[in-house]
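Spelled out from the first residue to the last, the chains are:
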Amino acid sequence: MIDQVVFEATGKFVEEIKKSNTVIEYNLQKEKMKRNPDLFARVKEYRQMNFALQSGTQAEELLDKLDAFEKEYEKFREDPLVDDFLRAELAFCRMIQEINSQLMTELDFE
């Protein structure tokens, strides 16, 4: 069970993250995207296919397959609503990765 002090500090930390420009922008773009359910469904499909491709492809094939995937979805990514959402989502994911990396480093977790 998590220590109460750590639990409370985590809650405060999460509240600060929610106030960040990165999260505010992500939530704004997500709300815009949700106003168009059909397009949002296509974005979800795009993300699932991208994840499956990256996690299930051998390293030597990955670049070729990613290139073909990007060409296939090039027009789709040109939609400003799609592009803005995916950029905001990527920024949010990178922020979370950086936070996680810093935690692991500071806690000397191997």
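Going along each chain's sequence as written, the residues are numbered from 1 onward. Confidence filtering applies because this is a predicted model: local features only for residues at pLDDT of at least 70, side-chain atom pairs given and counted only at 80 or more, and all residues used for totals across whole chains, interfaces and linings. Think of the side-chain values as coming from all heavy atoms in the structure, minus any hydrogens and water.

**So, the packing of aromatic side chains**
Stacked, edge-to-face and tilted labels apply to pairs of Phe, Tyr and Trp rings (six-membered ring for Trp) whose centres lie within 6.5 Å, assigned for plane angles under 30 degrees, over 60, and everything in between, in that order. Counting across every chain of the model gives eight aromatic pairs. Ring geometry for Tyr46 and Phe69: centres 5.1 Å apart, planes at 25°, overall stacked. In this pair, Tyr46 is assigned in helix H3 (residues 37–56) and Phe69 in helix H4 (residues 59–72), connecting sequence segments 23 residues apart. Just as Tyr46 is buried, Phe69 falls in that class too. Ring geometry for Tyr46 and Tyr73: centres 5.1 Å apart, planes at 70°, overall edge-to-face. Taken as a pair, Tyr46 in helix H3 and Tyr73 in the loop between H4 and helix H5 (74–78) lie far apart in primary sequence, 27 residues in all. Per-residue accessibility, obtained with a 1.4 Å probe over protein chains only, is compared with the maximum for each type, and a residue is labelled buried under 20%, exposed over 50%, and partly exposed between these values. Tyr46 gets classed as buried once you look at its relative accessible area, which sits at 3%. An aromatic cluster of three or more residues is present, and its members are Tyr26, Phe40, Phe85 and Phe92. Comment: elements are numbered from the N terminus, with helices defined as DSSP H or I runs of at least four residues and strands as E runs of at least two.

**What about the pattern of salt bridges?**
Here, a salt bridge means any side-chain nitrogen of Lys or Arg that lies within 4 Å of a carboxyl oxygen of Asp or Glu. Enumeration according to the criterion identifies seven salt bridges in this entry. Residue Glu15 is joined to Lys18 by a salt bridge in which the shortest nitrogen-to-oxygen separation is 3.4 Å. Here Glu15 and its partner Lys18 are both found in helix H1 (residues 4–18), three residues apart, which amounts to about one turn of the helix. Since its relative accessible area comes to 47%, Lys18 is described here as partly exposed. As a salt-bridge pair, Lys71 and Asp67 come within 3.4 Å of each other at their nearest N and O atoms. Here Lys71 pairs with Asp67, and both are found in helix H4, just four residues apart, close to one helical turn. Salt bridges linked by common partners bring Arg77, Asp83 and Arg87 together as one network.

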